[in-house]
Amino acid sequence: MRVTSFATYIACPYRFYLEHALRLATADDMADEIDAAGFGSLVHEILRQFGESQIRESTDAEEISVFFAESMEQYIKREFGKHRLAAVKVQVLGARARLEAFAHWQAEWRRAGRQIVRVEDKKGSDRFDMDLGNGLSMTVSGSIDRIDR
């Protein structure tokens, strides 16, 4: 179980089992907005690209914001096409606002001398077994999004 799946398990162990153990999901080819997981994937992907780029050394919030906006536009075009529904457009604006605020924080963080050492690496995720009692256990896994020095 991923660390981020605990909320699903706590809310309903049965639904957690159906979704994560049996890998069952509802089919919906009429998605008209970005779901929570998709929104998280969008932001994580933009931040991963940033952390792997040379722009990560920048102390200019505007320069970082431009990088975020261009990266997000490419991602959204690839995932949702040129013509997006209104809900997706609103969600993209929300993500842009968050990344804009982050750009200012990141620029200040870099000016203070901090550096990005490593960004998200799925191959390096940590795992441990959690005893559930009654002879049952569950493997919990997680990965670090970013390491700074």
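Residues numbered from 1 in each chain as written. Predicted model: local features only at pLDDT ≥ 70, side-chain atom pairs only at ≥ 80, totals over all residues. Heavy atoms only, no water.

Across its full length, the protein chain holds five helices and four strands. Element order for the protein chain, N to C, with α for helix and β for strand: α-α-α-α-α-β-β-β-β. A globule of 149 residues ought to have a C-alpha radius of gyration of about 15 Å, yet the protein chain, at 19 Å, is considerably larger. Summarising its shape, the C-alpha atoms of the protein chain cover approximately 55 × 40 × 25 Å along the three principal directions. A buried classification covers 29% of the 149 residues belonging to the protein chain. Taking all contacts inside the protein chain whose residues are at least 6 apart in sequence as the whole, residues at least 24 apart take part in 65%. Looking at the protein chain, you have 21 positive and 24 negative side-chain charges, and the mean spots of the two groups are 3 Å apart. (Helix = DSSP H or I, 4+ residues; strand = E, 2+ residues; numbered from the N terminus. Rg over C-alpha atoms; globule rule 2.2 N^0.38 Å. Buried < 20%, exposed > 50% of the residue type's maximum accessible area, 1.4 Å probe, protein only. Contact = heavy atoms within 4.5 Å. Lys, Arg positive; Asp, Glu negative; His and termini not counted. Charge placed at Lys NZ, Arg CZ, Asp CG, Glu CD.)

Taken residue by residue, the protein chain gives an average pLDDT of 86. The fraction at 70 or more is 92%. The weakest mean pLDDT in the protein chain belongs to strand β2 (residues 126-133) at 81; the strongest belongs to helix α5 (residues 86-111) at 94. (pLDDT = per-residue confidence, 0-100.)

Before going further, it helps to examine the packing of helix α3 (residues 36-52) against helix α4 (residues 61-80). Relative to each other, α3 and α4 sit at 130°, their axes nearing to 10 Å. Put simply, α3 runs oblique to α4. When you trace α3 past α4, the crossing you get is right-handed. Residue-level inspection shows S41, L42, E45, I46, L47, Q49 and F50 of α3 in contact with α4, the latter providing I64, F67, F68, S71, M72, Y75 and I76. (Axes fitted to C-alpha atoms, helices over the stretch in contact; angles between N-to-C directions. Parallel < 35°, antiparallel > 145°, perpendicular 65-115°, else oblique. Left-handed = near helix turned anticlockwise from the far one by under 90°.)

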